[in-house]
Structures are given as structure tokens and as C-alpha cells.
Amino acid sequence: FGDGYEQRVANDINSNFLKLNLKFDLRNKMEATAILHFLNQRRALEAFAFNPPEPFLATEFQYFVCRSWGNNFSFYENFAINAQFEQVSA
């Protein structure tokens, strides 16, 4: 508006959704394959139930989609998977 003032407004009624950057570290080949298979099968289209870690811990599962993920191979039987989970409405 000028003079350093600004207006911030939430876009939607439920606009306070979580975005979590998660790292599944120190996974063996079988675990890494299972996680990547799970994410690839949903292709960021199908929501899945997930209970976020503290401090976001809830009494009920919440629904998320994963729009981006990647994996790193560090050493024999040592894989790391990075994923961004975005909360969606059920």
C-alpha cells in the first residue's frame, strides 16, 4: 500500500495446511525400494494417511500428497529419500 504497509490474506478457508520436508535416512535397499514404490504408485494424485511427527503430532491421521521426492545412494545399503509432503483435505 505504500510506506512499508502490506495486506496479507489467506486464500482459502482451510489455508493452514502443513508442508513437511521429510528425509528417510539410513535405509537399506529393500526399505528404499518400498518407499519409492509407494510414492511412485500415487504419483502426487492419490492422498494417503500420514501421522506427522512432533511438534505436529495429531491424534488422528491426516491426509497428504507427495508432489516431489528424490533418492540418494550414499554407500552400500545406505539410501536416503527426500520427500515433500503437503497436507490436503480428506
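Shown above is the structure to which this text applies.
Counting starts from 1 at the beginning of each chain's written sequence and moves along it residue by residue. With the structure being a predicted model, the display of local features is reserved for residues of pLDDT at least 70 and the display and counting of side-chain atom pairs for 80 or more, all residues being used for whole-chain, interface and lining totals. With hydrogens and water set aside, each side-chain value is computed from the structure's full complement of heavy atoms.

### Regarding helix α1 (residues 29-42)
By the criteria applied, helices consist of DSSP H or I runs no shorter than four residues and strands consist of E runs no shorter than two, each listed in order from the N terminus. An expected span of 1.5 Å times one less than the residue number is assigned to each helix. Counted at 1.5 Å a residue, the expected span for α1 with its 14 residues is 20 Å, and the 20 Å between its end C-alpha atoms agrees. If you check which residues of α1 are buried, you get A32, I35, L36 and L39. Looking down the long axis of α1, one finds its buried residues gathered within 95 degrees of arc, a one-sided arrangement. Between two residues, a contact is recorded if the distance between any of their heavy atoms is within 4.5 Å. Tucked into the core, α1 has its buried residues touching β1 (19-27), β3 (62-75) and β4 (78-88). Its side-chain oxygen at 3.1 Å from the backbone nitrogen of M30, N28 defines the N-terminal cap of α1. Burial here depends on accessible area, computed with a 1.4 Å probe over protein chains only, as a share of the maximum for the residue type. Under 20% is buried, over 50% is exposed, and the range in between is partly exposed. Throughout, the arc means the angular range of directions from the helix axis out to the C-beta atoms. Distance and chemistry together define a polar contact, namely a pair of N or O atoms within 3.5 Å, with one atom able to donate a hydrogen and the other to accept it when in protein, and with adjacent residues in sequence counting only for side-chain atoms on both sides.

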